[in-house]
Each structure stands twice: as structure tokens, then as C-alpha cells.
Amino acid sequence: MDFEHLPHPAPVPGESRQQAIADPGFGTLFTDHMVVIDYDADKGGWHKATLGPREPISLDPAAAVLHYAQEIFEGMKAYKHADGSLALFRPEQNARRFNASAKRMAMPEMPEELFLDSIRQLVSKDRDWAPTVEGGALYLRPFMFASEAFLGVRPARQYKYILIASPVGNYFKSGSKSVKIWISSDYVRAAPGGTGAAKTGGNYAASLVPQAEGIENGCDQVVFLDAVEKKWVEELGGMNLFFVMDNGRVVTPPLTGTILPGITRDSLIELLRGEGLTVSEELYSIDQWQSDADSGKLLETLACGTAAVVTPVGEVTGKDRSFTIGSGGPGQIATKMRERLTGIQLGTVEDKYGWVMKVG
Ligand SMILES: *Cc1c(COP(=O)(O)O)cnc(C)c1O
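Reading guide: rules and limits
For every chain, the first residue of its written sequence is number 1, and the numbers climb from 1 along that sequence. A pLDDT threshold of at least 70 governs which residues receive local features in this predicted model, and a stricter bar of 80 or more applies before side-chain atom pairs are shown or counted, although totals over entire chains, interfaces and linings include all residues. To get the side-chain values, all heavy atoms of the structure are used, and hydrogens and water are removed first. UniProt positions are given in the numbering used here, feature names are shortened, and annotations may be inferred rather than shown by experiment. In this description a helix means any DSSP run of H or I spanning at least four residues, a strand means any run of E spanning at least two, and both kinds are numbered starting from the N terminus. Only protein chains enter the calculation, and the probe is 1.4 Å; a residue is then buried if its accessible area is under 20% of its type maximum, exposed if over 50%, and partly exposed in between. Note on definitions: a residue-residue contact is assigned when non-hydrogen atoms from the two residues lie within 4.5 Å. Residues belong to one nonpolar core when they are buried, are Ala, Val, Leu, Ile, Met, Phe, Trp, Tyr or Cys, and are joined through side-chain atoms within 4.5 Å. An expected span of 1.5 Å times one less than the residue number is assigned to each helix. Only when DSSP finds a minimum of two bridges between them are two strands counted as paired. As defined here, a cavity is a set of points on a 1 Å grid over the protein atoms alone where a 1.4 Å probe fits but cannot get out. A pocket is an open set with protein on both sides within 12 Å along at least five of seven lines, and residues line them when an atom is within 4 Å of a point. Grid points are joined across faces, edges and corners, and a volume is the space filled by probe spheres set on the points. Ten residues, namely Ala, Val, Leu, Ile, Met, Phe, Trp, Tyr, Cys and Pro, are considered nonpolar, four, namely Asp, Glu, Lys and Arg, are considered charged, and the remaining ones, Gly among them, are considered polar. Domain boundaries shown here were taken from an automatic or database domain assignment. Buried area is calculated as the accessible area (1.4 Å probe) missing from two parts once they are joined, with the contributions of both summed. The salt bridge criterion pairs a side-chain nitrogen of Lys or Arg with a carboxyl oxygen of Asp or Glu, the two atoms within 4 Å.

## A short note on the UniProt feature "modified residue: N6-(pyridoxal phosphate)lysine" (unreviewed entry) in the chain
Now for step 1: As annotated in UniProt, the feature "modified residue: N6-(pyridoxal phosphate)lysine" (unreviewed entry) corresponds to K199 in the numbering used here.
Now for step 2: One can find K199 in the loop between β9 (179-184) and α5 (201-216).
Now for step 3: A relative accessible area of 11% places K199 in the buried class.
Now for step 4: Those residues within four positions of K199 in sequence are excluded, and the remaining contacts are E71, I72, F73, E74, G75, R97, S101, Y204 and L260.

## Looking at the nonpolar core
Now for step 1: Judged by nonpolar contacts, the single largest core of 39 residues is most densely connected at I37, F115, L140, M144 and Y161.
Now for step 2: It is helix α4 (residues 112-125) that contributes the most residues to this core, 6 residues altogether.
Now for step 3: When residues no more than four places from it in sequence are discounted, the contact partners of F115 are E74, M76, P91, N94, A95, F98, M110, P142 and Y161.
Now for step 4: Counting residues in each nonpolar core, the second largest holds 23 residues, with L225, I286, A293 and V316 among its members.

## Let's talk about helix α8 (residues 332-346)
Now for step 1: Compared with the 21 Å implied by 1.5 Å per residue over 15 residues, the 21 Å span of α8 between its first and last C-alpha is a close match.
Now for step 2: Listed in full, the buried residues belonging to α8 are I333, A334, M337, R338, L341, G343, I344 and Q345.
Now for step 3: Once α8 finishes, G347 follows within two positions and takes phi at roughly 80°, a positive value.

## Some details on the pairing of strand β3 (residues 45-53)
Now for step 1: Of all 9 residues in β3, 7 are buried, a share of seventy percent or more.
Now for step 2: Taken together, the 3 bridges between strand β1 (residues 3-5) and β3 define a ladder with parallel strand orientation. Across the sheet, residue H5 finds its bridge partner in β3, namely L51.
Now for step 3: Two elements, strand β2 (residues 33-40) and β3, share 8 bridges in a ladder whose sense is antiparallel. Considered in β3, the bridge of D40 is made with G45.

## Comments concerning empty space enclosed by the protein
Now for step 1: Scanning the model with the defined rule gives 1 cavity of 30 Å³ or more in all.
Now for step 2: Approximately 110 Å³ is the volume attributed to the largest cavity.
Now for step 3: Around the largest cavity sit 13 residues that line it, and Y79, F89, T264, T306 and Q345 are the ones nearest its centre.
Now for step 4: Those elements that place two or more of their residues in the lining of the largest cavity are β5 (76-80), α6 (263-274) and α8.
Now for step 5: For the lining of the largest cavity, the per-class residue count stands at 6 nonpolar, 6 polar and 1 charged.
Now for step 6: Both domains that meet at the lining of the largest cavity, namely domain 1 (3-168) and domain 2 (179-346), each give it at least three residues.

## Quick notes on the domain arrangement of the chain
Now for step 1: Segmenting the chain into domains produces domain 1 (3-168) and domain 2 (179-346).
Now for step 2: Put simply, the middle of domain 1 and the middle of domain 2, counted by C-alpha atoms, are 28 Å apart.
Now for step 3: On the domain 2 side, the residues contacting the 22 residues of domain 1 number 21 residues.
Now for step 4: The contact between domain 1 and domain 2 buries some 1,800 Å² in all, and 58% of this surface belongs to carbon and sulfur atoms.
Now for step 5: Of all residues in domain 1, the largest losses of buried area upon contact with domain 2 belong to F73, F89 and R97, amounting jointly to 34% of the total for that side.
Now for step 6: Taken together, the links from domain 1 to domain 2 amount to 1 salt bridge.
Now for step 7: Between D266 and R90 there is a salt bridge; the shortest N-O distance is 3.0 Å.
Now for step 8: Within the residue set of the side of domain 1 that touches domain 2, elements represented by two or more residues are β4 (71-73), β5, β6 (86-89) and α3 (91-104).
Now for step 9: If one sorts the elements of the side of domain 1 that touches domain 2 by residue count, α3 sits on top with 5 residues.
Now for step 10: Class assignment for the residues of the side of domain 1 that touches domain 2 results in 10 nonpolar, 5 polar and 7 charged.

## Things to note about unusual backbone geometry
Now for step 1: Despite not being glycine, A69 shows a phi value in the positive range, around 60°.
Now for step 2: Its location among the elements puts A69 in the loop between α2 (64-68) and β4.

## What about the pattern of salt bridges?
Now for step 1: Counting across every chain of the model gives 18 salt bridges.
Now for step 2: For E275, the salt bridge is made with R340, and the minimal N-O distance between the two is 2.5 Å. Remark: R340 occurs in helix α8 and E275 occurs in the loop between α6 and β14 (278-281); sequence separation between them is 65 residues.
Now for step 3: The class of E275 is partly exposed, set by a relative accessible area of 29%.
Now for step 4: Bridged by salt links that share partners, the residues E113, D117 and R120 form one connected network.

The structure is reproduced here in C-alpha cells:
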């Protein structure tokens, strides 16, 4: 599909842009442009792709997304390499997952090539927005929502796909220091048969109250347990978990439909195996987590995702328990894996797996 390029009347001047990307924060700064692609079941599906100025969108107040939350998104980063080129990390995995999410939310799938093309187009256009600060990247947010004006309950017939970009620094202000986790015992994130494996806004909406509860209790993030037995450790609001044992074994919860299949998770499994560690995808209970931490069998717990890369978990607190992992600070594996992964992404460590896609 051809992208129509719309002129930008007033892009941010170079000097202001440079100043802004020197300390980008996370998710508050945006580039000059965006991609919009329309879908209409009655017009042959995907049509009309534009790359134009980033601007407010106009929606009918009856747009289905505003009432029934038919919405999905992705999160990925473009990394600036030393030679000035920009690189994506396993973007075809994001394209695939976008379609898996679309299926679950009764939304149209998008050809993977069209998804990737939109990414390449925006990254090329806004390449000067990529920050070079340590831990920095151009965060890409593709999303799709039901735009049809209709209050009946059924899958919409019209959708909009939009791609925006945001220069970002470290997700946690503390950088790679360890985080403190709150165990949510009153709330769950996802139930069997629900939408936990889809990257859809509703999962995040449901996580905000427990997240606020965690912050009230002095924690950075929330860990969710399974909805049925409230026993098995699942994941954080936006990050997957790994448990590193003292015998070279690493455990991560299996993808049973209630956990988001993280691309960082999948990459870490490969990297850990490459280090000679045994990685098992198996259920791990909150009681086991505490007893392994207390006995010293558990050396480290890692949280991982695109935004925060690999972040060590130092302390875990809930209504009726509290424990520290290792010394409470970053462990060896967390530090090593963070360096390895960011090295591959930034082009300073050999990409044995073919994960990096240069955008030019
Ligand atoms: C996006 C997300 C992750 C991490 O996925 P990555 O592909 O590694 O960025 C983990 N959990 C949830 C709930 C998510 O939405």
C-alpha cells in the first residue's frame, strides 16, 4: 500500500528538539509525525495510509472504542547505533502479536508487511528524534481502535490504525536499580478465557487500582497472582518474571493464556539458555517464591519488558508477607542479561540470533 505523505506546516525547530531529547523522560515527549491507516469492512478492508503531522484526531462520540473498548496496541523501540543508523528489535514479533491481539478482540488483522512498513516510514521520517542519551530510544506505539459510530454490541466495521513515536529515556528513574513489588491479593489482572494474553487497554485499566495500592504501600510495581487459586505467580502489570535459582535453573511462568507473551521474555529464554542455564516454563507459587527467597535457593528475580528491559526485583511485599531477594540489590544475572540484551539492541554485542532489523 502506498503512503500519502502530508506536509508538516511547523515541525519542531532543530535546537528545541535537541534540547528536548537530551532528557526525554518516558512517554511525555512526541515526535513531529504519525501514521494513520483506515479500515472499513465495506471498502475492502485496509485503505488510505498517510504519514503526516502528529495532530489530534476527531472521533464520533458514538465511536465503538469509547463504549466497548475494542482497542489493541504494541510497544517497541528503535535504537540508535554508533554509525548513526536506527535499528528495530524483532519487529516481526510485534506484528505477529498485534494480529493475535486483534483476533481476540474481534478486530481485523493487519498484513505484517503493512505493519512493518508503517514502522519503517515513521522511523525514517522522525529519525532525528532518536535520543542518544544512555538508556534512550525512540519508543514506538502502534495501536488500533474501533472508530465506527454504533451503539449496538457487535464487532465494529470501521477501525483506525495509528502509529506515534516518543523519544524515551529509562523507564524507571532509578535506571537499573532493583524495584519493590506489591502482591495484589484483592485484585486479579486476567482470568482463564479472558483477555490476559492480548495487548489491550482494558487489561491496563484493570491494573490501575492495584497499582495505586502498591504505590500507597511504598512499592514500584504490582505482581498479579492467578485468578482461580490466587496462588500462582503470573506477571507484573506490564512485565514478565524470571526466577534464578542457585543450581543454574531458571523458572518463568508458562504462557497459559492469562499472561502476555513478552518478546523480551522470549529473548531472555534464549539468552539464558545460551549462558548454559536451564530455563523451565512452569507454575511457581507465591509460597515457593517466599520460601526460596528465605532459604537462599532463589538468587534473583528479574522483571522484563521492552520499556524497562531487565529490572531486578529486590523486595516483595503484600498484606500478610514480606521478603527480600538475595541482598535486595541487582544480581549478577540481571546485570549480565541487561547488558547482553541492550548490547544486541544497540549493535555493540554480536547479534547471533538475527534479532536486529536496520531501518536505515
Ligand atoms: C507488553 C507487555 C509485556 C512485555 O512484553 P514485551 O514484548 O517484552 O515488551 C509484559 N506484560 C504485559 C502485561 C504487557 O502488556
